[in-house]
Amino acid sequence: MCVAVHKRCECGAVIVQFHLRDNVLPQEVVSRLFCPACPGDAPFDRATMVNDNGWIIEFDMQLARNIMVARNLLDPDSATPEYIFDQGYACWLETYPGEKDEIKEEKAEIIKLLKIDQRAYLEKIQSWNINRLNKLKSEGWRKARIA
């Protein structure tokens with residue numbers, strides 16, 4: 001079972017759900033979250049932050065390093081914010097924040113086909129998934145690029 005963590009961005013406008021792979025890291029590893037609308041009062045720090053298409057996640061890298069090194073998951077020099085996010089140790093539950101809500105209507109239309117024509121449904125859902133992933137990749141979402 002994996003723990004899901006909810007984190008509010010610094011401006012308070014958005015709550016995002018994070019996924020913590022295999023419960024390796026505790027929820028405290030995600031120290032701050034900045035949505036694209038958050039004021040830019042903190043400079044971007046590559047040593048502790050990752051940028052995913054305008055969303056900035058700040059990690060407690062000391063905590064992450066200590067845990068991951070103690071569990072023999074990597075050496076201290078390999079622990080970077082990008083590694084933690086891209087390997088799923090602390091990343092969005094979805095491909096990007098708000099994805100579930102945004103695709104609800106699109107998916108509902110496609111699911112209607114299931115009752116009418118299963119073959120058409122399978123073709124449509126497959127092409128929809130491929131096209132959607134390609135769109136997300138071109139938009140720069142990290143999880144889509146590594147999918």
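The structure under discussion appears in the preceding block.
What counts, and at which threshold
Residues numbered from 1 in each chain as written. Predicted model: local features only at pLDDT ≥ 70, side-chain atom pairs only at ≥ 80, totals over all residues. Heavy atoms only, no water. Helix = DSSP H or I, 4+ residues; strand = E, 2+ residues; numbered from the N terminus. Buried < 20%, exposed > 50% of the residue type's maximum accessible area, 1.4 Å probe, protein only. Areas by Shrake-Rupley, 256 points an atom, 1.4 Å probe, with all protein chains shown as cover. Pairing = 2+ DSSP bridges.

Chemist: What's the story with the overall build of the protein in this structure? I'm lost.
Modeler: Looking only at helices and strands, the protein features five helices and six strands. Start at the N end of the protein and walk to the C end: the helices and strands fall as β-β-β-β-β-α-α-β-α-α-α. Each principal axis of the C-alpha atoms in the protein carries an extent, and together these give about 55 × 35 × 25 Å. Put simply, the protein has 147 residues, and 34% of those count as buried. When the accessible surface of the protein is summed, it comes to about 8800 Å², and 50% of that surface belongs to carbon and sulfur atoms.

Chemist: Looking at this structure, I do not really get the pairing of strand S4 (residues 49-52). What am I missing?
Modeler: A regular strand places its side chains so that they alternate between the two faces of the sheet. Across four bridges, the pairing between S4 and strand S5 (residues 55-59) is antiparallel. Along S5, the bridge assignment pairs Asn51 with Ile56. Count of turn residues in the S4/S5 antiparallel hairpin: two residues, of which Asn53 carries a positive phi of about 55 degrees.

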